Amino acid sequence: MFETTPDNVIARRAGRLAFGIILLAGAGLVVERALRPDLVSLPAGMLLPAAYLLAFASYGAVQLWQRWRRPAPADAATLATAGLVVPGIGLALTLPLALHLPVTLLFGWSMLGFDDWVKLSLVFAGPAHVALAILVAIRGHRLARGSIRTVPSPLFIYVFVVIVSCVPFVVLFGITPAIVAITGIPIVPLIHHMRRIDERERAAVVAGTRLPRAYVASHAA
């Protein structure tokens with residue numbers, strides 16, 4: 001039931017792609033809310049949880065649909081890169097703010113007040129968010145392509161993003177790098193996990209291509 005097969009790999013990659021697309025849409029709405037609140041009625045404090053709920057629901061639904069339709073083996077290669085890069089970017093753009101949300105509420109900020117926090121984040125930590133998204137995308141792309149030697153490590157990504165957060169406000173607002181550094185701690189294991197996902201799925205696809213043709217034919221019937 002829980003074994004990793006080529007069919008399951010395709011379903012998981014497609015599910016992660018759907019997950020990432022929803023988070024990217026959620027990130028766009030959160031930014032739009034911060035810049036033009038008259039166009040987006042829901043506050044960012046509600047948009048972020050809604051985006052994650054919908055993303056996880058889409059992840060499960062797309063997996064079920066992929067397994068029902070019996071995808072072609074070629075789909076595994078087609079989805080390899082997108083299945084790592086797109087959700088990685090989506091998480092990079094939304095997870096830091098999602099981690100900040102309960103903390104700001106705990107310290108007395110309201111849902112509407114969280115919109116102001118998002119605006120501050122865009123100004124002071126916007127470059128760090130972009131740097132994180134770019135580096136995670138590069139890591140996912142190179143993992144999927146098998147370019148292991150040039151894959152940026154989780155530690156390198158963490159340090160680089162913290163350094164980026166120092167520009168240009170570190171002299172006057174040294175709190176920004178501290179917040180970025182603390183926020184990045186629970187994100188580092190997720191970045192590290194990208195390699196485990198790639199290795200497990202790559203092994204499953206390779207094992208699937210080595211199965212006897214009679215087994216493959218009966219499995220696809």
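Residues numbered from 1 in each chain as written. Predicted model: local features only at pLDDT ≥ 70, side-chain atom pairs only at ≥ 80, totals over all residues. Heavy atoms only, no water.

**Things to note about the overall build of the protein chain**
- Counting secondary structure elements, the protein chain contains 10 helices and zero strands.
- Along its sequence from the N terminus, the protein chain presents helices and strands in the succession α-α-α-α-α-α-α-α-α-α.
- Scored against the burial criterion, the 221 residues of the protein chain give a buried share of 43%.
- Expressed as a percentage of contacts within the protein chain between residues at least 6 apart in sequence, the contacts between residues at least 24 apart total 78%.
- Accessible surface computed for the protein chain: about 12,200 Å², of which carbon and sulfur atoms make up 73%. (Helix = DSSP H or I, 4+ residues; strand = E, 2+ residues; numbered from the N terminus. Buried < 20%, exposed > 50% of the residue type's maximum accessible area, 1.4 Å probe, protein only. Contact = heavy atoms within 4.5 Å. Areas by Shrake-Rupley, 256 points an atom, 1.4 Å probe, with all protein chains shown as cover.)

**Concerning the confidence of the model for the protein chain**
- Looking at the protein chain, the pLDDT average stands at 85 and 86% of residues meet or exceed 70.
- Per-element averaging of pLDDT across the protein chain places helix α10 (residues 213-220) at the bottom with 40 and helix α7 (residues 154-164) at the top with 96.
- Scored below 50 in pLDDT, residues 210-221 shows six contacts in the model against residues more than four places distant or in partner chains. (pLDDT = per-residue confidence, 0-100.)

**Section: helix α4 (residues 82-106)**
- Along its 25 residues, α4 runs 36 Å from first to last C-alpha, staying within 8% of the 36 Å computed at 1.5 Å per residue.
- When the local axis directions of α4 are compared, the greatest deviation, roughly 40°, occurs at T94, which is followed within four positions by the proline P96.
- Following α4 by one or two positions, G108 adopts a phi angle in the positive range, close to 95°. (Expected span 1.5 Å × (residues − 1). Bend = angle between axes of the 7 residues up to and from the residue.)

**Some words on the side chain of E201**
- Tracing the chain through its elements places E201 in helix α9 (residues 188-209).
- Within polar-contact distance, the side chain of E201 engages the side chain of R16 at 2.7 Å.
- If sequence neighbours within four positions are ignored, E201 has contacts with V9, R12, R13 and R16. (Polar contact = N/O pair within 3.5 Å; in protein donor to acceptor, adjacent residues only side chain to side chain.)

**Examining a nonpolar patch on the surface**
- Judged by side-chain polarity, V103, L106, F107, W109 and L120 come together as a nonpolar surface patch covering roughly 540 Å² of accessible area.
- On the accessibility criterion, W109 (31% relative accessible area) is partly exposed. (Patch = residues over 30% accessible without salt bridge, like charges linked within 9 Å, V, L, I, M, F, W, Y side chains within 5 Å. Salt bridge = Lys/Arg side-chain N within 4 Å of Asp/Glu carboxyl O.)

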